[in-house]
Amino acid sequence: MILIFLVTLLPVTHPVLGFLVNTTSSLSFGVEALYTVLRGPLADWGVVLYRDPDLEVKVLDQLLALPALQDSPRVLVDLGSDGDLWSKDQPAPVLRGARVIHIVVFKEDPRPFFEAISLQWNPKYLMLFSLADESVQTLLMDNVFKGIERLVLFENPTPLFQKRRAKARLYTSLPFSKVQPVIALGDWNPTTFRNSEDIFVDRYQSFEGYEFLLGTWLDDRPYLYQSATKAKGVGDGVVAEMLDAMAGVLDYRYNVTTVSPDEQWGSYENGSWNGMLGMVHRGEKNFTVNYFVITEERLEAFDASVSYRMEGFGLAMMIPAPLAKWRATYYPFMPSVWFCVGGTFAIVVVIMTLQDLLQPEPFLGGLGQTWPYLLRAVVNHSLPVLPTAQWQRVLVGVWWVYCFILTTAYTANLIAFLTIPVFPKRIQTLEELAQSDYRVSMCDYGEFVPGALKTSENRVYRALGDKLDLFKEYEEIIPLMRRGTHAFIESYSYGRLLLYADFEILYSYMLKDQLYPGHLCWYFQKNTAWKYKFDQGIQRLVEAGLISRWLKIKMEDFLGQDYERRERLAAKEQLDNKQPLSLQHLQGVFFILLLSWAASVVVFTIELVLLQVLQ
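Here's a quick rundown of the structure. (Residues numbered from 1 in each chain as written. Predicted model: local features only at pLDDT ≥ 70, side-chain atom pairs only at ≥ 80, totals over all residues. Heavy atoms only, no water.)

1. Quick look at the nonpolar core
Here is the rule: Residues belong to a common nonpolar core when they are buried Ala, Val, Leu, Ile, Met, Phe, Trp, Tyr or Cys residues joined through side-chain atoms within 4.5 Å. Three exposure classes are used, based on accessible area relative to the maximum for each residue type with a 1.4 Å probe and protein chains only: buried under 20%, partly exposed in between, and exposed over 50%. To qualify as a helix, a DSSP run of H or I must reach at least 4 residues; to qualify as a strand, a run of E must reach at least 2; elements of each kind are numbered from the N terminus. The contact criterion used is simple: two residues touch if any of their non-hydrogen atoms lie within 4.5 Å.
Residues Met242, Phe287, Leu515, Trp522 and Phe534 are the most contacted members of the largest nonpolar core, which totals 91 residues. Of all the elements, helix 9 (residues 238-250) adds the most residues to this core, at 8 residues. Look past the residues within four positions of Phe534 in its chain and what remains in contact with it is Phe207, Phe212, Met246, Tyr252, Phe287, Trp522 and Phe524. Trp45, Leu76, Phe129 and Leu170 belong to the second-largest nonpolar core, a separate cluster that totals 33 residues.

2. What about the sheet that holds strand 15 (residues 287-288)?
To be explicit about the condition: Two strands pair under a simple rule: DSSP has to find at least two bridges between them.
Sheet architecture is open: 3 strands sit in the order 15-23-16, paired in antiparallel fashion. Edge positions in the open sheet fall to strand 15 and strand 16 (302-304), since each of these has one partner strand only. Relative to strand 23 (residues 523-525), strand 15 runs antiparallel, the two being bridged by 2 bridges. Among the inter-strand pairings, Phe287 is bridged to a residue of strand 23, identified as Phe524.

3. Considering the packing of helix 9 against helix 21 (residues 546-559)
Threshold: Helix axes use the C-alpha atoms of the stretch in contact, all axes being lines fitted to C-alpha atoms, and the angles between their N-to-C directions lie in the range 0 to 180 degrees. Note on angle classes: values under 35 degrees are labelled roughly parallel, values over 145 roughly antiparallel, values of 65 to 115 roughly perpendicular, and the remainder oblique. When the near helix sits turned anticlockwise from the far one by under a right angle, the crossing is termed left-handed; a clockwise turn instead gives a right-handed crossing. Gly is put with the polar residues, along with every residue not named as nonpolar or charged; the nonpolar set is Ala, Val, Leu, Ile, Met, Phe, Trp, Tyr, Cys and Pro, and the charged set is Asp, Glu, Lys and Arg.
The geometry of helix 9 relative to helix 21 is characterised by a closest axis approach of 9 Å and an angle of 135° between their N-to-C directions. Judged by the inter-axis angle, helix 9 sits oblique to helix 21. Here the hand of the crossing between helix 9 and helix 21 comes out right-handed. Contact residues: helix 9 offers Val238, Glu241, Met242 and Ala245, while helix 21 offers Ile547, Trp550, Leu551 and Lys554. Its residues assigned to classes, the contact of helix 9 with helix 21 comprises 6 nonpolar, no polar and 2 charged.

4. What to know about the pattern of salt bridges
Stated formally: Salt bridge, as used here: a side-chain nitrogen of Lys or Arg that lies within 4 Å of a carboxyl oxygen of Asp or Glu.
Within this structure, the stated rule accounts for 20 salt bridges. Between Lys552 and Glu556 there is a salt bridge whose closest N-O contact spans 2.6 Å. Of this pair, Lys552 and Glu556 both sit in helix 21, 4 residues apart, which is roughly one turn of that helix. Among the residues examined, Glu556 registers a relative accessible area of 15% and is labelled buried. When salt bridges that share partners are traced, they join Asp109, Arg111 and Asp142 into one network.

5. Some words on the sheet that holds strand 11 (residues 235-236)
Sheet architecture is open: 3 strands sit in the order 9-10-11, paired in antiparallel fashion. Of all strands in the sheet, those bounded by a partner on one side alone are strand 9 (219-220) and strand 11. Where strand 10 (residues 224-226) meets strand 11, 2 bridges bridge the pair, whose relative direction is antiparallel. Along strand 11, the bridge assignment pairs Tyr225 with Asp236.

6. Overview of the packing of aromatic side chains
Applied cut-off: Ring pairs are drawn from Phe, Tyr and Trp, using the six-membered ring of Trp, whenever the two centres fall within 6.5 Å, and their geometry is named by plane angle: stacked under 30 degrees, edge-to-face over 60, tilted for the rest.
Within the structure shown, the criterion is met by 57 aromatic pairs. Seen in terms of ring centroids, Tyr125 and Phe200 are 5.1 Å apart; in terms of plane orientation they differ by 70°. Their pairing is edge-to-face. Separated by 75 residues along the polypeptide, Tyr125 in strand 4 (residues 125-130) and Phe200 in the loop between helix 8 (196-199) and strand 8 (210-213) bring together distant segments of the chain. A single burial state applies to Tyr125 and to Phe200, both of which are buried.

7. Here we look at the pairing of strand 5 (residues 150-155)
For strand 5, the buried fraction is high: 6 of the 6 residues fall into the buried class. Along strand 5, one buried face is formed by Arg150, Val152 and Phe154 and the opposite face, lined by Leu151, Leu153 and Glu155, is buried too. Where strand 4 lies against strand 5, 6 bridges are found, and the strand directions are parallel. Directly across from Leu126, in strand 5, lies its bridge partner Leu151. Two strands pair when backbone bridges link them, and strand 5 and strand 6 (residues 169-173) are joined in this way by 3 bridges, in the antiparallel orientation.

The structure is reproduced here in structure tokens:
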């Protein structure tokens, strides 16, 4: 049966406890060491105590009466129970809390309980207290405890050595040591082991030349790709620089995989993981360093490193072609402005005509003479004569000022629109793309994005998922993108290199919004004890600015040095390109002339018809 005791501050009534507070002389040999540990270096820590049901009744009573178990949060577990059932019922702080010490007090082999325990159990600190009559140091190297970061064994002297050594001795393991995998830290002494770092030493100060097997795919520019200057199967890129930098400190070697065996990136399908993540999950590889973002689904099956960069999936589109140059004659004003100008002209013509009709002596003599008179100001021509009536002079004066401002603004903008290409408004956000007629394309290599889009609760993401077309090769996608019918989804940095370096698509752009922006990380096998060494190394590289520096260098290897500045200058030159006006620039003027001639012919024809009808 599993015994779980919650924290209590009630007065102690256990018959043995009163004696323990004053003296430890009656404690069993191993319990005495545990008593001093919990009263000293590990005071106020949460405790999960695993007790062997085969212990003597006296020892069990003494364990339950320890003051530290009365004063601190604690959980008591019977090693004779089902480890799997127990672990599935416990909250995460109990199973892997940062300031919780797991203590196993045993006489018989405790491994059956822990062999059945779930993967969610992974304490940072595990203390083995052996009350057995023989040495159990081999437990430190057992696979059952290989996922523990800080591991120590308190071993009492066997009956043969109790006269020569009266204190418990501390041992720990160095899993990567080639000479002495189990070392003695010394006999227990509260004055020597003053804090938790003295008891739980760093077991992974060096990997001693160990060769890690990495589940990788050398097609992940600029992060990991085949080196152009080294042998086949040797990687280059940002993560290769990271691995090499940390290898010099941690003393390890690594071996990469050229391509994923199933040519999948890594996703959970049909009850198992495929791609690079599948190799790690099956234990074939130690970890993977390719482009992976942190997701909840992956965290359940793997251990993620600290993040080394924030990046998402970019969407690339072709820059739309410039609008026809003949339309430059009306580009200076928005359609709403043109509508207001036409409406204002019509109103002024009507008012001027009415004023003319109300005068004893008309100034212009009707609508046929009024609109050409007012139109002269619109096209920046002077007025041949001014009205005699003061009210008409006020109207004409205000109209002339209005037209002067209007024609000045039009002329200033017309110069720019005649010489600089005018482009349609670009799609810049995911919502604009979802509402457009564009479809979305992506290469199907086992990423999570297609499935996530189709099942997303976000209406914009789901709309993109409904418009998503998957292809096996990039060569199938690029023609669709060139035709301007599809947007192209790919990881942001890799997508830029693919379009500019491989397919030489210069007139494309990336949307400002990214799909699923997230923290890039490395994925390790679940409960990897030494992952924290890589976490520390990655964090130092990020803080030193080396990740950003290496990324810039690797991008320049493909796009050329100072590529970002050159892209900005090229765009500026395209806008600032000065050239003489050609017929193509001024074709809009000729279109207006032709329309005017056509309108005059129509009006002339109407006048002839009306004249014949009246006669």
